[in-house]
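Breakdown of the fold
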Amino acid sequence: MRSGKTVSVIGSGIAGLSAAVFLAEKNFKVTIFESSPKPGGRAYSFFDRERNQFFDNGQHILAGWYKNTFEYLKIIGSYDKLNFQKQLEINFINADKKVYRLKFPDLKPPLNILTGLLKFGALNFRDKKEVLKIRKLLNGKDLNGKFDNTGELLLNIGQTDNLIKYFWEPFIYAVFNTVPENVSVEIFLNVIKKGFSANQNSVLVIPEVNLNDLLINDALFYLQNKNAEINFNRIVKRIEFSEDLKTAEYVSFEDGSKISQDYIISAVPFFAFRKLFDEKTYESKGFKAEHLKSSCIVSVHLFFHNKISESMLSDNSFGMTGLIGTDVQWLFKRSDFHLSLVISNADASGITEMSNEEIYNKCLKDLKSTLTEFDETMISDYKVIKEKRATFIPDKESSKYRPGQITESRNFFIAGDWTDTKLPSTIEGAILSGRICADKIIESEY
Ligand SMILES: Cc1cc2nc3c(=O)[nH]c(=O)nc-3n(C[C@H](O)[C@H](O)[C@H](O)COP(=O)(O)OP(=O)(O)OC[C@H]3O[C@@H](n4cnc5c(N)ncnc54)[C@H](O)[C@@H]3O)c2cc1C
């Protein structure tokens, strides 16, 4: 059935593509305006001429609880490109080169987490005594509102230094890209509930292909087949509203042209949102996006002369290793000759301000202190990518600045990882936000 209604989507990041795909599936006529020459926003692959290959701007991992992402991937036909763990399993290596494997057994929660942690070699007897207290987090209901931040919460429920260092910090860096003290208890508990409420939800999911192949190319193909129009290098200057602000009337551009459609969805990042409105409209609507703070991720691609040995990475079967006590937090084996390193929360350690060479030298130092057999002569080349505004900081204050997807203007919606989904800055948050906008539009037409 053809809805016949038109929708403008501003931004072709994952949130914009999600809104567009869910709407196109119901035969809405979608037009995307993207300011840059490429789609994908903060999750993209770039072509490296020297190696004649695509690389990602940073390693992205998904998790078993990314239900909206899986729906999106099924619609565009990319779901089979995901590699799911059977159970959560990660190797950690510390700065004394000691390797510890965390593995959740195939049991119902919370038994899987508790048993996994009780068998985790990084923890001592005293730590293990406190593991059972994690049940309080999984119940969660009496904890929200009692603590200022997640760091405080973890200490108050008796989590030891080792539990925080070997379990909570790696988890929090990976999901929230900041320290526990910067994570709101509400958002933390929501992720815990989603991630640990079923055994399959806690597994890690690594794409077998690059980000373009997983999230973007198939979406563009799907949209084109559904007669969507996708315009690159098209910067939206303003969204113009009726006098009473109840209706979004036009999307306008630098050259003075305007387009009128039945619905308008903003899917720009928080740092580009304010510019879409004149001051009066922005203030009347109570938007406060500019108060959100951002956090940097630095990714370093290392290319090796020879095949990377399994033993150097302590036989990590899933291609992912956590490092403890170093600035580099995660290593991903992307191919036999390519490692991708992740430094989250890079502003805090001053790494964002370092030169690429200084960052590379820091990585070498971290790898030498953690990996047996590693030697810098093994490396043929490297590439450093800094994403200064990779994610927003999901602290307690952030909830005041995240608007809902549905607004008081009947035909204007807001998507983006930073809108109020009670999730951190993630692919799942971005896709969920786009889906909420699409569902509401579909609901008002059918
Ligand atoms: C290095 C890195 C690693 C990450 N790792 C993970 C991970 O492991 N797992 C995970 O789930 N998430 C991860 N993330 C987060 C994830 O990538 C983001 O949450 C997600 O991509 C945000 O999508 P978005 O569509 O909300 O915003 P964006 O990707 O920022 O898209 C917004 C789009 O709007 C466009 N735009 C802006 N202004 C205008 C305008 N005026 N007119 C037209 N277009 C405009 C922009 O060009 C952009 O394309 C990572 C992010 C980075 C940077």
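Small disclaimer: the values here were computed from a predicted structure and weren't measured.

Rules behind the numbers
Residues numbered from 1 in each chain as written. Predicted model: local features only at pLDDT ≥ 70, side-chain atom pairs only at ≥ 80, totals over all residues. Heavy atoms only, no water. Helix = DSSP H or I, 4+ residues; strand = E, 2+ residues; numbered from the N terminus. Rg over C-alpha atoms; globule rule 2.2 N^0.38 Å. Buried < 20%, exposed > 50% of the residue type's maximum accessible area, 1.4 Å probe, protein only. Contact = heavy atoms within 4.5 Å. Pairing = 2+ DSSP bridges. Axes fitted to C-alpha atoms, helices over the stretch in contact; angles between N-to-C directions. Domains from an automatic or database assignment. Buried area = accessible area lost by both parts, 1.4 Å probe. Phe/Tyr/Trp six-rings, centres within 6.5 Å; stacked < 30°, edge-to-face > 60°. Salt bridge = Lys/Arg side-chain N within 4 Å of Asp/Glu carboxyl O. Expected span 1.5 Å × (residues − 1). Arc of directions from axis to C-beta.

1. So, the overall build of the chain
When helices and strands are tallied, the chain shows 13 helices and 20 strands. Expected size for 446 residues packed as a compact globule is a radius of gyration near 22 Å; at 22 Å, the chain falls within 12% of this value. Here the C-alpha coordinates of the chain stretch approximately 65 × 55 × 40 Å along the principal axes. Within the chain, buried positions represent 57% of all 446 residues. Restricting to contacts in the chain with at least 6 residues of sequence separation, those with at least 24 account for 69%.

2. What about the pairing of strand β8 (residues 99-103)?
Only one face of β8 is covered, namely the one carrying Tyr100 and Leu102; the face carrying Val99, Arg101 and Lys103 has none of its residues buried. Pairing of strand β7 (residues 89-94) with β8 involves five bridges; the strand directions are antiparallel. Bridging across to β8, Asn91 finds its partner in Arg101. Counting the residues between successive antiparallel strands, the hairpin from β7 to β8 contains four residues, one of them, Lys97, with a positive phi of roughly 65°.

3. Digging into the sheet that holds strand β19 (residues 379-392)
Pairing within the open sheet is mixed, and its seven strands lie in the order β8-β7-β16-β17-β18-β15-β19. Edge positions in the sheet fall to β8 and β19, since each has one partner strand and no second. Between one strand axis and the next, the sheet turns by 25° as a mean value, whatever way the strands run. Most of the contacts of helix α12 (residues 356-370) go to β19, to which it runs at about 105°, and overall it touches β7, β15 (294-304), β16 (320-324), β17 (330-335), β18 (338-343) and β19.

4. Things to note about the domain arrangement of the chain
In many reports, interface size means the accessible area that the parts give up when they come together. For the chain, the domain assignment lists domain 1 (6-79 + 208-292 + 402-445), domain 2 (86-90 + 99-202) and domain 3 (294-392). Taking only C-alpha atoms, the centre of domain 1 and the centre of domain 2 are 32 Å apart. Taken together, the contact pairs ten residues of domain 1 with ten residues of domain 2. Carbon and sulfur atoms supply 68% of the area buried between domain 1 and domain 2, which totals about 830 Å² over both sides.

5. Some remarks on the packing of aromatic side chains
All told, the structure shown has 34 aromatic pairs when counted by the stated rule. Taking the centre distance of 5.6 Å and the plane angle of 85° together, the rings of Tyr100 and Tyr166 count as edge-to-face. Of this pair, Tyr100 sits in strand β8 while Tyr166 sits in helix α7 (residues 161-176), and the two are 66 residues apart along the sequence. The pair Tyr100 / Tyr166 is uniform in exposure class, with both members buried. Consider the rings of Trp168 and Phe188, whose centres lie 5.6 Å apart with planes at 65°: the pair is edge-to-face. On the criterion of sequence distance, the pair formed by Trp168 in helix α7 and Phe188 in helix α8 (residues 185-196) is long-range, its members being 20 residues apart.

6. Describing the pattern of salt bridges
Scanning the model with the defined rule gives 21 salt bridges in all. For Glu290, the salt bridge goes to Arg274, with nearest N and O atoms at 3.2 Å. With Glu290 in the loop between α11 (279-284) and β15 and Arg274 in the loop between α10 (270-273) and α11, this pair connects stretches of sequence that are 16 residues apart. Overall, the relative accessible area of 35% leaves Glu290 in the partly exposed class. For Arg274, a relative accessible area of 36% translates into the label partly exposed. Residues Lys333 and Asp336 are paired through a salt bridge, measuring 3.8 Å at the closest nitrogen-oxygen approach. Among the ionic contacts, a cluster of salt bridges with common partners joins Asp48, Glu50, Arg51, Asp381 and Lys383.

7. Some points on α12
In this model α12 runs 21 Å from its N-terminal to its C-terminal C-alpha over 15 residues, within 8% of the 21 Å that 1.5 Å per residue would give. Among the residues making up α12, those that are buried are Ile359, Tyr360, Cys363, Leu364, Asp366, Leu367 and Thr370. Looking straight down α12, one finds its buried side chains confined to an arc of 165°; they lie on one side. Structural note: α12 exposes Glu357 and Lys365 on the side pointing more than 90 degrees away from its buried face. Where α12 is buried, its residues meet β7, β15, β16, β17, β18 and β19.

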